[in-house]
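What the coordinates show
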Amino acid sequence: ARSVDLEKRSTEVKDLLRLMESGRRVPLRQRLRMDELLNEERVRLEQKDDDCGLTGAEWKILRQIQEGQDKRKKEEMTRREALEQRKKALQQRGLAE
């Protein structure tokens, strides 16, 4: 039963990684589920790596998850910085509170 769950999870993770790479818009609920599942998979793979090592395919998946999460963090920081700069510019003009 556990190997079936891992196989299903692995397939779902691979599908999510393909979806992320496609650049298509992903609905909010699906993005939240995707983030949760990818975080869980990242933790599981990192723990397995600490315990007994990863296969080549597992390394590839872990690397894809890490790169995707890092990219999303950078994009979010860039968006936040742009919003902050815009807010400051508006404040300087006296248009924002």
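Here the structure is shown first, and the text comes after it.
Before going into details, it helps to say that this report is about the structure given with it. Since we're looking at a predicted model, the values are computed, not measured. (Residues numbered from 1 in each chain as written. Predicted model: local features only at pLDDT ≥ 70, side-chain atom pairs only at ≥ 80, totals over all residues. Heavy atoms only, no water.)

**Some words on the overall build of the chain**
Looking only at helices and strands, the chain features three helices and zero strands. For the chain, the sequential pattern of α-helices and β-strands runs α-α-α. Taken along the three principal axes of its C-alpha coordinates, the chain extends 60 × 30 × 20 Å. The buried share among the 97 residues of the chain stands at 19%. Counted over contacts in the chain with a minimum sequence separation of 6, partners at least 24 positions apart contribute 52%. (Helix = DSSP H or I, 4+ residues; strand = E, 2+ residues; numbered from the N terminus. Buried < 20%, exposed > 50% of the residue type's maximum accessible area, 1.4 Å probe, protein only. Contact = heavy atoms within 4.5 Å.)

**Things to note about the nonpolar core**
In this structure, Val13, Leu16, Leu17, Met34, Leu37, Leu38, Leu45, Leu54, Ile61, Leu62 and Ile65 together form the largest nonpolar core, which totals 11 residues. Elements represented by at least two residues in this core include exactly helix H1 (2–22), helix H2 (28–51) and helix H3 (56–92). In this view, Leu17 contacts Leu38, Ile61, Gln64 and Ile65; residues no more than four positions away in its chain are not counted. (Core = buried A, V, L, I, M, F, W, Y, C linked by side-chain atoms within 4.5 Å.)

**Description of the pattern of salt bridges**
Following the criterion strictly, the structure yields nine salt bridges and no others. Taking the shortest distance from any N to any O, the salt bridge between Lys48 and Glu58 comes out at 2.6 Å. Taken together, the residues Lys48 in helix H2 and Glu58 in helix H3 connect sequence positions 10 residues apart. Through salt bridges with shared partners, one network takes in Glu12, Arg33 and Glu36. (Salt bridge = Lys/Arg side-chain N within 4 Å of Asp/Glu carboxyl O.)

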